[in-house]
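# Architecture and fold: a report
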Amino acid sequence: MSAEQQENFPPQLLDELAAIKAAALADDYAYRQVAHLTENIGPRPSGSPQAKAAVDYVAGELRQLGLDVQLEEVKVPHWIRGAESAELVEYPGQAEGTKQKIVLTALGGSAATSVDGINAEVVVVNNFDELKALGRNKISGKIVLFNEVFDKQKSAAGMAFIAYGEAVRYRGAGPKAAADLGAAAALVRSVGDADFRLPHTGWSTSAGIAAGAVTAEDAELIAHLAAQGRVRMHLTLTPQKLPDETSYNVIADLKGSEHPEQLVVVSGHLDSWDLGTGAIDDAAGVAVAMEAAEILQKLHLRPKRTLRMIAWMDEESGGAGSQTYTKDHSSEFPRHVAAIESDAGAAHPLGFEIKMSGRAAELLRPAAEVLQSIGTTALEASAYPPGADIASMCEGGVPGVGIKQDGRTYFHYHHTAADTLDKIVPNELRENAAAMAVMGYALASMKDSLPR
């Protein structure tokens with residue numbers, strides 16, 4: 001270690017970090033929390049009764065640990081999924097008297113068709129340029145399908161989030177672009193890499209038209225048929241946007257022994273989509289952040305700075321929780337030493353994705369090396385905040401840290417009905433808890449704050 005690293009990581013701190021790692025690898029606290037959030041409470045869309053129950057549960061558990069718990073009020077959208085069905089009613093080579101079922105789901109923020117649905121021709125485009133080239137005359141009154149293919153090779157090579165970023169823009173902005181040209185509805189090819197005929201939901205910019213995601217298999221089917229001739233679909237989506245609800249970020253502090261005014265955030269988001277039970281996205285992140293506090297209390301370790309655990313609300317539907325935190329706490333960002341978020345699943349952690357200066361990253365190397373026995377040693381620089389909920393803090397100069405998991409299977413299940421507890425491997429969740437607790441305590445107990 002360099003002299004600066006030795007000064008910040010004396011032998012006693014390194015011994016404490018090793019003890020934290022060992023305790024986390026032998027603890028099932030995080031798994032119990034994930035199990036309760038996903039199986040006892042269930043899906044937790046913003047504004048739902050389950051989201052409220054999750055807030056109350058997490059707050060109660062953290063109070064039992066002896067933390068100072070506050071509920072920060074957040075106004076969140078309340079959108080509920082209605083009926084959703086689709087079938088092809090006209091296509092080349094159609095056998096008389098037959099139709100073909102299409103598997104799909106509404107995107108968050110979708111408007112509704114009538115109860116009886118709509119019948120319209122389907123126009124398939126591969127990108128925004130093709131949509132623009134067709135123009136209003138060929139789009140008006142049609143159902144537009146964005147057939148952007150998720151790059152499975154990138155995903156299999158460990159670049160799943162790059163592949164996701166390339167495809168998800170069509171989910172986010174596609175319906176609005178189609179609506180601007182007069183489309184009657186918009187569909188996107190599901191943003192994921194598992195072809196199990198599972199539709200992937202997710203948020204989409206409000207466009208005033210029905211918007212849904214079809215499975216990869218059905219996107220292929222429609223594209224192949226449309227290349228042969230005219231295709232018409234009967235589409236029914238009846239979601240409702242209800243009045244905004246009052247919800248909460250759960251904020252729990254383990255006060256620092258020397259600099260309680262300085263804060264290190266460990267966090268995950270509490271809300272989820274409604275198709276599955278939100279195990280990997282993101283009950284796991286909330287649970288490992290909770291365990292960071294639980295381990296320190298179990299070992300009777302008190303960090304020098306305050307460790308602040310946050311269970312964010314509304315990451316999935318617009319980020320009202322992080323926006324509210326920024327509004328209420330931005331004046332305190334100079335006292336936020338660092339912020340960690342886990343929102344990339346629960347698979348084996350490879351290390352950390354970091355947005356900070358090179359000197360700060362090098363200073364953290366001894367903390368990562370404590371995790372060498374489980375292979376969680378990578379410190380990968382990122383040009384972007386390593387978590388949606390900590391993005392405003394990062395943009396305000398706060399060093400950001402994300403747990404970098406093995407993402408090769410994450411988008412098999414992300415935003416689908418298959419995001420359930422069985423997708424979590426208990427031993428890998430314990431590794432994630434160790435990563436969160438070790439890095440959180442290191443940041444909160446180093447001699448010096450990270451340089452900015």
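Residues numbered from 1 in each chain as written. Predicted model: local features only at pLDDT ≥ 70, side-chain atom pairs only at ≥ 80, totals over all residues. Heavy atoms only, no water.

### Re the overall build of the protein
Stated precisely, the cut-off is as follows: Comment: elements are numbered from the N terminus, with helices defined as DSSP H or I runs of at least four residues and strands as E runs of at least two. The atom set for the radius of gyration is the C-alpha atoms, and the globule formula is 2.2 Å times the number of residues raised to the power 0.38. Relative accessibility under 20% of the residue-type maximum defines a buried residue, over 50% an exposed one, and the middle range a partly exposed one, all with a 1.4 Å probe and only protein chains included. Throughout, a residue-residue contact means that at least one pair of heavy atoms, one from each residue, lies within 4.5 Å.
Summing up its helical and strand segments, the protein has 15 helices and 16 strands in all. For 452 residues, the compact-globule formula gives about 22 Å, and the C-alpha radius of gyration of the protein, at 23 Å, lands near that figure. Projecting the C-alpha coordinates of the protein onto the three principal axes gives extents of approximately 80 × 40 × 40 Å. Burial statistics for the protein: of 452 residues in total, 58% are counted as buried. Within the protein, counting contacts between residues at least 6 apart in sequence, those at least 24 apart form 83% of the total.

### Quick look at the sheet that holds strand S6 (residues 143-146)
As a reminder of what qualifies: In short, DSSP must find at least two bridges between two strands for them to pair. The convention used is that axes are lines fitted to C-alpha atoms, helices contributing only their stretch in contact, and that angles between N-to-C directions extend from 0 to 180 degrees.
Pairing is mixed across the open sheet formed by eight strands, whose spatial order is S3-S2-S9-S5-S6-S7-S8-S4. This sheet does not close on itself; its edge strands, each paired only once, are strand S3 (100-102) and strand S4 (104-106). Ignoring which end each strand starts from, the neighbouring axes of this sheet average 35 degrees apart. Where strand S2 (residues 84-90) and S3 come together, three bridges link them in antiparallel fashion. Pairing of Glu87 across the sheet is with Lys101, part of S3. Helix-sheet contacts for helix H5 (residues 128-139) involve strand S5 (118-125) and S6, and the interaxial angle to S5 is about 145 degrees. Where helix H7 (residues 160-180) meets the sheet, it contacts S6, strand S7 (185-189) and strand S8 (210-214), and its direction lies at approximately 155 degrees from that of S6.

### Topic: the sheet that holds strand S1 (residues 68-80)
Taken in spatial order, the eight strands line up as S1-S10-S12-S11-S13-S16-S14-S15 in an open sheet, and their pairing is mixed. Taken across any chain shown, the strands that pair with only one partner, and hence form the sheet edges, are S1 and strand S15 (378-381). The mean angle between the axes of side-by-side strands here comes to 25 degrees, regardless of whether they run parallel or antiparallel. In the packing of helix H9 (residues 279-298) onto the sheet, contacts are made with strand S10 (240-254), strand S11 (259-269) and strand S12 (305-312), and the angle to S11 comes to roughly 145 degrees.

### Some remarks on the side chain of Thr416
Tracing the sequence through the fold places Thr416 in the loop between helix H14 (410-413) and helix H15 (426-445). Classification of Thr416 as buried rests on a relative accessible area of 1%. Apart from residues lying up to four places away in sequence, Thr416 is in contact with Leu198, Pro199, His200, Leu275 and Gly276.

### Observations regarding the packing of H5 against H7
Quick note on the threshold: Just so you know how the angles are binned, under 35 degrees is roughly parallel, over 145 roughly antiparallel, 65 to 115 roughly perpendicular, and the rest oblique. It is the rotation of the near helix from the far one that decides the hand of a crossing: anticlockwise by less than a right angle makes it left-handed, clockwise makes it right-handed.
It is the contact of H5 with H7, at a shortest axis distance of 10 Å, that shows an interaxial angle of 25 degrees. The angle between the axes of H5 and H7 places the two elements in the roughly parallel class. As H5 runs across H7, the sense of the crossing is right-handed. Together, Phe128, Leu131, Arg136 and Ile139 of H5 and Arg169, Tyr170, Ala173, Gly174, Ala177, Ala178 and Asp180 of H7 make up the contact between the two elements.

### Concerning the nonpolar core
Which entries qualify depends on this criterion: In plain words, nonpolar cores are sets of buried Ala, Val, Leu, Ile, Met, Phe, Trp, Tyr and Cys residues tied together by side-chain atoms within 4.5 Å.
Of all hydrophobic cores here, the largest spans 93 residues; its most connected members are Val58, Leu62 and Leu270. In terms of residue count, H9 provides more of this core than any other element does, 13 residues in total. With sequence-adjacent residues up to four places away left out, Val58 is seen in contact with Leu37, Val250, Leu270, Val286, Met290 and Ala311. Tyr91, Ala120, Ala219 and Leu225 belong to the second largest nonpolar core, which has 23 residues in total.

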